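# Observations on the model geometry
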Amino acid sequence: MKFSKEIESLVPYKTGKPISETKREYGLSQVYKLASNENPIGVSPKVIDAIQAALSSLHRYPDPTCYELTQKISKILQVKPETLVFGNGSNECIDLLIRLFCEPGDKIITSQAAFIAYKICAQAARVETTEVEMNEDFKIDLNGLVQKLSSKHKLIFLPNPNNPTGTYVNQAELDLFFEQVGDREDLYVVIDEAYNEFVRATDYQDGLHYFKKYKNVILSRTFSKVFGIAGLRLGYMVLPEEIANLMHRIRNPFNVNSLSQAAGLAILDDKEYLKKSQEVIWQGLDYFYEKFDRMGLKYYPSQANFLLVDLARDAKQVSDELLKRGVIVRPVANYGLMQHLRISLGLPEENEIAMKHLQEVL
Ligand SMILES: *Cc1c(COP(=O)(O)O)cnc(C)c1O
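Just so you know, these numbers come straight off a predicted model, no measurement behind them. (Residues numbered from 1 in each chain as written. Predicted model: local features only at pLDDT ≥ 70, side-chain atom pairs only at ≥ 80, totals over all residues. Heavy atoms only, no water.)

Taken in spatial order, the seven strands line up as β2-β8-β7-β6-β5-β3-β4 in an open sheet, and their pairing is mixed. Where the open sheet ends on each side, the last strands, each with one partner, are β2 (84–87) and β4 (128–132). Pairwise comparison of adjacent strand axes, ignoring direction, gives a mean angle of 20° for this sheet. In the packing of helix α5 (residues 90–101) onto the sheet, the strands contacted are β2, β3 (107–111), β5 (153–159), β6 (188–192), β7 (217–222) and β8 (235–238), and the crossing angle to β5 comes to about 160°. (Pairing = 2+ DSSP bridges. Helix = DSSP H or I, 4+ residues; strand = E, 2+ residues; numbered from the N terminus. Axes fitted to C-alpha atoms, helices over the stretch in contact; angles between N-to-C directions. Contact = heavy atoms within 4.5 Å.)

Considering the arrangement of structural elements, one finds S44 in the loop between β1 (32–33) and α3 (45–54). A distance of 2.6 Å separates a polar atom in the side chain of S44 from a polar atom in the side chain of D270. Beyond its immediate sequence surroundings of up to four residues, S44 is in contact with I267, D270 and Y273. (Polar contact = N/O pair within 3.5 Å; in protein donor to acceptor, adjacent residues only side chain to side chain.)

Our focus in this paragraph is the packing of α3 against helix α11 (residues 258–268). Direction vectors running N to C along α3 and α11 enclose 145°, while the axes themselves pass 8 Å from each other. Considering how the two elements wind past one another, α3 and α11 form a crossing that is right-handed. Here K46, V47, A50, I51 and A54 of α3 lie close against α11, whose contacting residues are L259, A262, A263, A266 and I267. Class assignment of the residues belonging to the contact of α3 with α11 gives a composition of nine nonpolar, no polar and one charged. (Left-handed = near helix turned anticlockwise from the far one by under 90°. Nonpolar A, V, L, I, M, F, W, Y, C, P; charged D, E, K, R; others polar.)

Around the ligand, the neighbouring residues are G89, S90, N91, F115, N163, D192, A194, Y195, T222, S224, K225 and R233. The contact in question runs from a nitrogen atom of the ligand to an N or O atom on the side chain of D192, over 2.7 Å. A distance of 2.6 Å separates an oxygen atom of the ligand from a polar side-chain atom of R233. Judged by its atoms lying within 2 Å of the grid points, the ligand is housed in the largest pocket. The residue inventory of the shell around the ligand, partitioned by class, reads three nonpolar, six polar and three charged. (Near = heavy atom within 4 Å. 1 Å grid on protein atoms, 1.4 Å probe; cavity = no way out; pocket = protein on both sides within 12 Å on 5 of 7 lines; lining within 4 Å. Sits in = over half its atoms within 2 Å of the grid points.)

Put into C-alpha cells, the structure is as follows:
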C-alpha cells in the first residue's frame, strides 16, 4: 500500500512528557510538570460535583447538540446559538475546519512559531502551510502575512496570544489587518484565543469584536487552559452561521462526551476559580520576569500562562538536565527555536523549585 507523501512525512504533535513516565525513567518520586500550559491550581470542586452527578447517565449517548453549553456560551458572548460549534478540544475544531475549507493542493497561512497543531492538521488533510517570519520581538507579522497571501490560501490562523511565544498582536495592528482582509469571501481568518483570559495588555482587542464586525472571522476558544479541564477535551468555535452549519454536517454526531458537557457548564459558573487561575498565573509571570531580569536572560513578556525564555545555549541539554531533577519544561526545537525553553507557570512553590534547579543547571 502506498500512502501520500504528506502522510508519510507527518511528524506527530510532541506532547509534554507525562509525569508518570518521567518518574519511571529517572527513578524520581516527586516530579513538577511545567510543560503543557495546564492550569496549576487543579480541578474546580464545582466540576467534580457536576461530573459526579453526570456519572449515573453514562449508559446514554451524550447530547449531540451540546444544547445547554450552546445556550450558555451564546448568552455570555452575545452571539447567536447557531454560530457555535463544540469539539473534542479546540484541536478537533481546527481539524474539521481545515477539512471543510481546503482541498488537497490548497494552503493555509500562519506565522512561523505559531501553534503547531494548524500545520499538523493541515498536512494530514494534504494541505500545505505557509509560514510567515515573525518580527524580532517574536510577534506575528501581520503585514508580512498579508503580503504572502495567494489565491491558494483559504484560511489564516492567528493565535492571539500565540503559543509558544506568549506574544500578541494589538488592536491597532488587527484593525489595520482587517481593513485589508476583512469581509473577503474567499479567505477566512481564524483567531485562536486559547489564552484570552490571561491577557493583561491594555491594547489587546479580543476576536469577538472582529467577529461581530466582519463576515469572514472565526473564533476558537478552549476549556483546557484557564478553565482547567484539559483532560476532558472541550473547545469550541464561533463561526458565521452558514459555516457553523457545514461544520455540524461533517463532525461526528457525539463528538463531545457527556462528562465534558457537564463540566463545561459547571466551570462557567465558577467565577472564583477563574479569578484564582488568573492571579496565580500573573503572580508566576511577575516572579519569573524578576528572576530572569536579574539573571540577564532574555524573555518574551507573555499574555498567556507560560513564558518563553532565551537561554542563549542549547535548550534541549538544559531541559534534559532539568528532567533528571524532576522538572519538566518544554524545549521548542520543533518550532525552530533551539535556544529557547517554554515554561508553563505553576503554583508559587513549583515555580520556585523550577527556578532553583534552572539556576543550578545554568
Ligand atoms: C492549548 C492550545 C489550544 C487548546 O487545545 P485544546 O484542543 O482545546 O486542548 C488551542 N490553541 C492554542 C494556541 C493552544 O496553545
